[in-house]
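Breakdown of the fold
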Amino acid sequence: MVDPIPLPSPEQLARLKELADASRLRAALNPPPKPPRRRRPTRQYPGGKPNPPWQPARHCRCRRG
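Below, the structure is looked at part by part. (Residues numbered from 1 in each chain as written. Predicted model: local features only at pLDDT ≥ 70, side-chain atom pairs only at ≥ 80, totals over all residues. Heavy atoms only, no water.)

1. Observations regarding the overall build of the chain
Looking only at helices and strands, the chain features one helix and zero strands. Looking at the chain as a whole, 2% of its 65 residues qualify as buried. By element, 59% of the accessible surface of the chain is carried by carbon and sulfur atoms, the whole surface being about 7,600 Å². (Helix = DSSP H or I, 4+ residues; strand = E, 2+ residues; numbered from the N terminus. Buried < 20%, exposed > 50% of the residue type's maximum accessible area, 1.4 Å probe, protein only. Areas by Shrake-Rupley, 256 points an atom, 1.4 Å probe, with all protein chains shown as cover.)

2. Concerning the pattern of salt bridges
Inspection of the entire model under this criterion finds two salt bridges. We note a salt bridge from Arg15 to Glu18, for which the minimum N-O separation is 3.7 Å. Taken as a pair, Arg15 and Glu18 lie in helix α1 (residues 10-29) at a separation of three residues, close to a single helical turn. Exposure remark for Arg15: the relative accessible area of 48% places this residue in the partly exposed category. With a closest N to O distance of 3.1 Å, Arg24 and Asp21 form a salt bridge. With a gap of three residues between them, Arg24 and Asp21 both fall in helix α1, about one helical turn apart. The class for Arg24 is exposed, based on a relative accessible area of 55%. For Asp21, a relative accessible area of 48% puts it in the partly exposed group. (Salt bridge = Lys/Arg side-chain N within 4 Å of Asp/Glu carboxyl O.)

3. Description of α1
Spanning 20 residues, α1 covers 29 Å between terminal C-alpha atoms, matching the ideal 28 Å at 1.5 Å per step. Sparse coverage of α1 is indicated by the burial of zero of its 20 residues. (Expected span 1.5 Å × (residues − 1).)

4. Observations concerning a nonpolar patch on the surface
Residues Leu13, Leu16 and Leu19 make up a contiguous nonpolar surface patch of roughly 270 Å² in combined accessible area. Mapped onto the fold, Leu16 is located in helix α1. (Patch = residues over 30% accessible without salt bridge, like charges linked within 9 Å, V, L, I, M, F, W, Y side chains within 5 Å.)

So far we have only geometry, and geometry alone does not tell us how the molecule works.
As structure tokens, this is what we get:
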């Protein structure tokens, strides 16, 4: 049979509560950084000539499934 897990002492409970409060405060004061936005390169013809207005740049279609 499995031995029961001993309950933490009052001092350990107080320390756990302090650590939990400190971690919540740290998370509230320091939000996670946002990832940098990725720029899509524009498709151009060879030589750096841009697409003509009647032929807009094609966007990569992601597979949905």
